[in-house]
Amino acid sequence: MKGPAAGDAFTRGRYATDASIYQIMPAAVAFPRDAEDVAAVIDVAARHSVPVIARGAGTSQNGQPIGPGIVVDFSRHFNNVLSVDADARTARVEPGTVLQHLNTRLREHGLFFPVEPSTASRCTIGGMAGNNSCGARSLAYGKMVDNVIGIEGLLSNGTPVAFDRRGTSANSWSLAHSMRSLAERQRSEIDLMFPKVQRRVGGYNLDELLADEPNYAGLLVGSEGTLVLSSAVTLKLARLPEHRVMGICHFPSFRTAMEVTRHLVELGPTAVELVDNNVLTLGADIPLFRKILGQITRGRPDCLLLVEFAGPDALALGADLDRLDACMADHGHPDAVVKVSDVAVQRDIWEMREACLNIMMSGAGDAKAVSFIEDCAVPLEHLADYTDAITDLFERHQTRGTWYAHASVGCLHVRPILNLKDPRGLHAMRAIAEEACDLVRHFKGSHSGEHGDGISRSEFHERMFGATLVRAFETVKDEFDPDARLNPGKIVRPYKMDDPDLMRFALDYRVSVPVRTGLDWSEKGGFGGAVEMCNNNGTCRKLAGGAMCPSYRVTRDEQHLTRGRANTLRLAISGQLGPDALTSAEMKQTMSLCVGCKACRHECPTGVDMAKMKVEVEYQYQLRHGLSLRDRLVAFLPHYAPLASRLRALANLRDRVPGLPWLSERALGLSARRPLPKWQSPWREAGSSTPANVKGDGLDLVLFADTFNRYFEPDNLSAALQVLNAAGYRVHHVAATGGRPLCCGRTFLSTGLVEHARAEARRTLDALAPFVAAGARVVGLEPSCLLTMRDEFLVLLPAHEVKPLADAAFLIEEVLAADILAGRVTLPFVDRGARTAHIHGHCHQKSLGGLSAAQTLLAQVPGLVVKNIESSCCGMAGAFGHEAENYDTSVAMAELSLLPVVRAVSTDDLIVADGTSCRKQIVDGSGRKALHVVQVLADAIEEPTPSTAQRTKG
């Protein structure tokens, strides 16, 4: 086998779960590169009598891609688009191909693959075929089974097969013939027992073989890897709509929305999606979605229906929205539609809708919204009565549910809130599952409408389809896989859905974290609660858009993924990886490529904060193992910086004397391929101020001079002072006790020296708090330093003490942009001519909301056109990019998007980056110098007069 495989407990643990409630530890994990590798896995599994479980992105809701055998991860290597025939509108892809990647490739042809689940940024085509995925627009485009032309793969004995509409391969003919004969024998039972709703994805698709010219691949779609391991899938493509519009329909109650849904569907939309009150309430507390909810909601609706129309004629779509408005009025809801035609706003709406599940999972605590009856589907005429009945069912079991998704096809995702760590929660789950299945049958619906069968649903097939069809399903399985080698326990001869031994949080699950944590985790219910915020939804696996997760984007390794790290931590703190796993070398390796970018804090819909978790892990690790010399050099940089700057001629020799870079790599692990920052004559405050000098009229600012700008780029601080003086601020300088400049503690946090970081935070807070109390704001230049006051300070020190400082701490561009727009200050800009500035945001700047201020501020400069560089983390991340073992990964992160853009822009254009690390990565990787925003501003204002220059306090 050419692809790698792994059998260590840490790797196996990361593949023991999907996005369901289940956990089964596999025997090993394989990462095939091609069909030959898959055949090798099958051979090994046969020789050792273990199952083979196919896995794509691991986002399944029902436990499909987990099991006790060899888990085969198709996503890491087996993920190529093999061919696209634009004229025939077909594509042939490998099973690990990510849907979003495919659609990006198809866009140049004006095509797309129209089955679009909410997990499109990370779900794979093989996984979608296995689950018979649907997505929001199935009303217009159908399910996966309607859009798969052919499937090639391997049987459980390694025999290659191919199934399609035109016929089958020689090896497939007898199976295809036998399956069609079976379907014909069961025709009357299929007509009687298969639900007459579009969203029926349970069991095997024997009904697909009853057509006059059947597509034999239809039987494999939805088979969840129990029949064949796919090696290629041929897809039917669709034309990209030229235009889309949306109508946001407001309803005063959930039931009225359900009653009106079928009338809205009659208007011919491409989608009708529900956003319920739970999402509206929780989403308003999530910064990522607060803005878009404010744009699309009027008043306080109980729920929304998002109605989309698509087509070639923009005027006709406008008329569709008018018809929607009239329809709502006809059913008692006049003036209840917000019309949205702006493409960017529609994109934001869909991102919010796609995150509905994770928004509802964002609450801390043991009680979670649990998936097991999630995607039952009923005819639209029964939708209101069905949802009422399910709500009543929840109330009888002392819980409540959350609703969202595909109202257009009667497939509303619903999750009761249960604590499965408690035996009572497990008992309630079983009772609810049985009663819900009976309700679905009563309303002539399907118990499995989108997310497949897996462990949750398979047990209920006999209740749904009857014994005769379930025996037929068993015949299908036995003829394809006589040794039950492929993903056993799913669809037929199933696991018990409430088997306590299969639960991720088993009844004996206990968290044992160190008595002494470095950070305060009380807001998340402790460190264990913070770790368990990860529900395995896999948003961090996206390969484009946003910044999360940069290490995964370059490695495609589950280990170097926010989800992978969270799962490893959960297994470690619950004792499932053995004693001392939290401080083991394996855990150190698991966290090694986390660059602390905080993108997960902002972009993970459940709010997993891996950057803080890494700090905690590093803290626990150094308590047990101590620090390396390199870590000490990094950590104590603010302490020895004053001396090093005085000896800068000596300190800067490393990159001037041949052999010294090599020696520093051998002795300290600092990459010889990366020049070190150059020590400069430090920037110094001209004296100090006192709180008595603060007038409290909004013009008092304390300039926080961080270590990096002070000693390596002092010109930035000089430029900042020039700009602030020109704007008319009173700039105060604060002296710290001990004679050493104030420090945020960032270098100590990065190496796990939390107590040292806490001491720095206390020292900084004590110095700045009197100025804040007097009415001054604190401004800084370096995002990673200044924003530490808004983030980590709150878990290093008592939050009530830090909160005033956190609320008063701003990046310099945040203060300037807000005050200029509010008319409180002005800058004396002069027109230097037409120029373009390309701005790259520091990760912390993006995460904590500072990038838009920089863009707004630069847009005030006459003649300056501002363009955002759509990039993830630059990859430098402080010392990370200087470490020899991380150098290649650091460069690879930069090469994903940042450096190609920088190299492509005109040499006359400006490159702007507020992060010290970002500027270093850009100059090292491209030779282009990047500027802090204050340098651009200083260059664009008139020279200061002597009177304004003297306004600095001191």
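Everything that follows concerns the structure shown earlier in this document.
We now turn to the structure provided with this report. These numbers come from a predicted model, not from an experiment. (Residues numbered from 1 in each chain as written. Predicted model: local features only at pLDDT ≥ 70, side-chain atom pairs only at ≥ 80, totals over all residues. Heavy atoms only, no water.)

Brief notes about the overall build of the chain
For the chain, the count of helices and strands is 44 helices and 25 strands. For the chain, the C-alpha radius of gyration of 30 Å lies close to 30 Å, the compact-globule estimate for 954 residues. Here the C-alpha coordinates of the chain stretch approximately 95 × 65 × 55 Å along the principal axes. Looking at the chain residue by residue over its 954 residues, the buried ones come to 61%. The long-range fraction of contacts in the chain, counting pairs at least 24 apart against all pairs at least 6 apart in sequence, stands at 74%. Here the chain has roughly 34700 Å² of accessible surface; of this, 52% comes from carbon and sulfur atoms. (Helix = DSSP H or I, 4+ residues; strand = E, 2+ residues; numbered from the N terminus. Rg over C-alpha atoms; globule rule 2.2 N^0.38 Å. Buried < 20%, exposed > 50% of the residue type's maximum accessible area, 1.4 Å probe, protein only. Contact = heavy atoms within 4.5 Å. Areas by Shrake-Rupley, 256 points an atom, 1.4 Å probe, with all protein chains shown as cover.)

Description of the packing of aromatic side chains
Here the structure, examined in full by the defined rule, presents 15 aromatic pairs. Pairing Phe-112 with Tyr-141 gives two aromatic rings, centres 5.6 Å apart and planes at 90°, and the pair type is edge-to-face. Of the two residues, Phe-112 sits in strand E7 (residues 111-112) while Tyr-141 sits in helix H5 (residues 138-141), which places them 29 residues apart along the sequence. Residue Phe-112 is classed as buried on the basis of its relative accessible area of 3%. Note on Phe-194 and Phe-465: the rings are 5.3 Å apart at their centroids and 55° apart in plane angle, and the pair reads as tilted. With Phe-194 in the loop between helix H7 (187-193) and helix H8 (217-220) and Phe-465 in helix H18 (residues 461-465), this residue pair connects regions lying 271 residues apart in the sequence. Of the two residues, Phe-194 and Phe-465, both sit in the buried class. Of the aromatic side chains, those joined through ring pairs into one cluster are Phe-194, Tyr-204, Phe-465 and Phe-473. Over the face of the ring belonging to Phe-31 we find Arg-76, whose NZ or CZ atom lies 3.8 Å from the ring centre. In this structure, Arg-137 packs its charged tip against the face of Trp-350, placed 4.9 Å from the ring centre. (Phe/Tyr/Trp six-rings, centres within 6.5 Å; stacked < 30°, edge-to-face > 60°. Lys NZ or Arg CZ within 6 Å of the ring centre and 35° of its normal.)

Focus on the pairing of strand E5 (residues 81-85)
For E5 and strand E6 (residues 90-93), the ladder comprises four bridges, and the chain directions are antiparallel. Bridge pairing links Asp-85 to Thr-90 in E6. From the end of E5 to the start of E6, which pair antiparallel, there are four residues, and Arg-89 there has a positive phi angle of about 55°. (Pairing = 2+ DSSP bridges.)

Considerations on helix H25 (residues 610-625)
End to end, H25 covers 22 Å across 16 residues, agreeing with the expected 22 Å (1.5 Å per residue, within 8%). Within H25, 13 of the 16 residues are buried, which leaves it mostly tucked inside the rest of the structure. At the C-terminal side of H25, Gly-626 shows a positive phi close to 80°. (Expected span 1.5 Å × (residues − 1).)

Regarding the nonpolar core
Formed by 112 residues in total, the largest nonpolar core has its most connected members in Phe-113, Ile-125, Met-144, Leu-235, Leu-264, Met-429 and Phe-480. Among the elements that line this core, the one with the most residues is helix H16 (residues 423-442), at nine residues. Apart from residues no more than four positions distant in its own chain, Ile-125 is found in contact with Val-93, Pro-95, Thr-97, Leu-99, Leu-102, Phe-113, Met-144, Val-233 and Leu-235. Ile-573, Val-702, Phe-712 and Leu-796 belong to the second-largest nonpolar core, a separate cluster that totals 86 residues. (Core = buried A, V, L, I, M, F, W, Y, C linked by side-chain atoms within 4.5 Å.)

Some details on the environment of Asn-157
Here Asn-157 lies in the loop between strand E8 (148-154) and strand E9 (160-164). We classify Asn-157 as exposed; its relative accessible area is 57%. Considered as a pair, Asn-157 and Ile-42 are 115 residues apart in the sequence and their alpha carbons are 6.9 Å apart.

Description of unusual backbone geometry
The phi angle of most residues is negative, glycine excepted, and most peptide bonds adopt the trans form. The amide bond that connects Met-548 to the next residue, Cys-549, takes the cis arrangement and shows omega of -10°. Relative to the helices and strands, Cys-549 resides in the loop between helix H20 (527-531) and helix H21 (550-555). Residue Glu-224 is not a glycine yet carries a positive backbone phi of 55°. At Arg-556, a position not held by glycine, the phi torsion is positive, near 55°.

Quick notes on the sheet that holds strand E23 (residues 835-840)
Reading across from one edge, E24-E23-E25 is the order of the three strands in this open sheet, with parallel pairing throughout. Of all strands in the sheet, those with a lone pairing partner are strand E24 (864-868) and strand E25 (910-913), marking the two edges. Mean inter-strand twist for the sheet, computed between neighbouring axes without regard to direction, equals 30°. Relative to the sheet, helix H39 (residues 851-858) contacts E23, E24 and E25, its axis offset from that of E24 by approximately 160°. (Axes fitted to C-alpha atoms, helices over the stretch in contact; angles between N-to-C directions.)

A closer look at the sheet that holds E9
Think of a sheet as strands paired side by side through backbone hydrogen bonds, with each pair either parallel or antiparallel. Taken together, five strands build an open sheet; the order of strands is E5-E6-E10-E8-E9 and the sheet is antiparallel. Both outer strands of the open sheet, E5 and E9, are each paired with one neighbouring strand and no more. Taken pair by pair, the neighbouring strands of this sheet meet at an average axis angle of 10°, ignoring direction. Relative to E5, helix H3 (residues 99-107) is tilted by about 40°, and along the sheet it contacts E5, E6 and strand E10 (229-236).

A closer look at the state of the cysteines
Across all of its chains, the model carries zero disulfides by this definition. As a non-bridged cysteine, Cys-437 has Cys-376 as the owner of its nearest cysteine sulfur, 7.3 Å distant. Of the cysteine sulfurs around Cys-604, a residue in no disulfide, the closest is that of Cys-534, at 6.6 Å. Residue classification places Cys-604 among the buried residues on the basis of a relative accessible area of 11%. (Disulfide = S-S within 2.5 Å.)

Some words on the side chain of Thr-226
Tracing the chain through its elements places Thr-226 in the loop between H8 and E10. One polar contact links Thr-226 to Tyr-204, side chain to side chain, over a distance of 2.7 Å. For Thr-226, the side chain forms a polar contact with the main-chain oxygen of Ser-223, separated by 2.6 Å. When neighbours within four sequence positions are excluded, Thr-226 is seen to be in contact with Tyr-204, Lys-477, Asp-481, Leu-486, Asn-487, Lys-490 and Ile-491. (Polar contact = N/O pair within 3.5 Å; in protein donor to acceptor, adjacent residues only side chain to side chain.)

Looking at the environment of Pro-798
If you trace the backbone, Pro-798 turns up in the loop between helix H35 (793-796) and helix H36 (799-808). Under the relative-accessibility criterion, Pro-798 is labelled partly exposed at 33%. In the structure, Pro-798 is positioned 278 residues away from Asp-520 in sequence and 8.7 Å away in space, judged by C-alpha atoms.

Regarding helix H43 (residues 933-940)
Counting buried residues in H43 gives six out of eight residues, a clear majority hidden from the surface. Along H43, the residues that are buried comprise Val-933, Val-934, Val-936, Leu-937, Ala-938 and Ala-940. Where H43 is buried, its residues touch helix H31 (714-727), helix H37 (812-821), H39, E24 and E25.

What to know about the packing of H37 against H39
Between H37 and H39, the least distance of the axes is 8 Å, while the angle of their chain directions is 55°. Regarding the angle of H37 to H39, the classification is oblique. Seen from above, H37 lies across H39 with left-handed handedness. Across the interface between the two elements, Glu-813, Glu-814, Leu-816, Ala-817, Ile-820 and Leu-821 from H37 touch Ala-853, Ala-854, Thr-856 and Leu-857 from H39. (Parallel < 35°, antiparallel > 145°, perpendicular 65-115°, else oblique. Left-handed = near helix turned anticlockwise from the far one by under 90°.)

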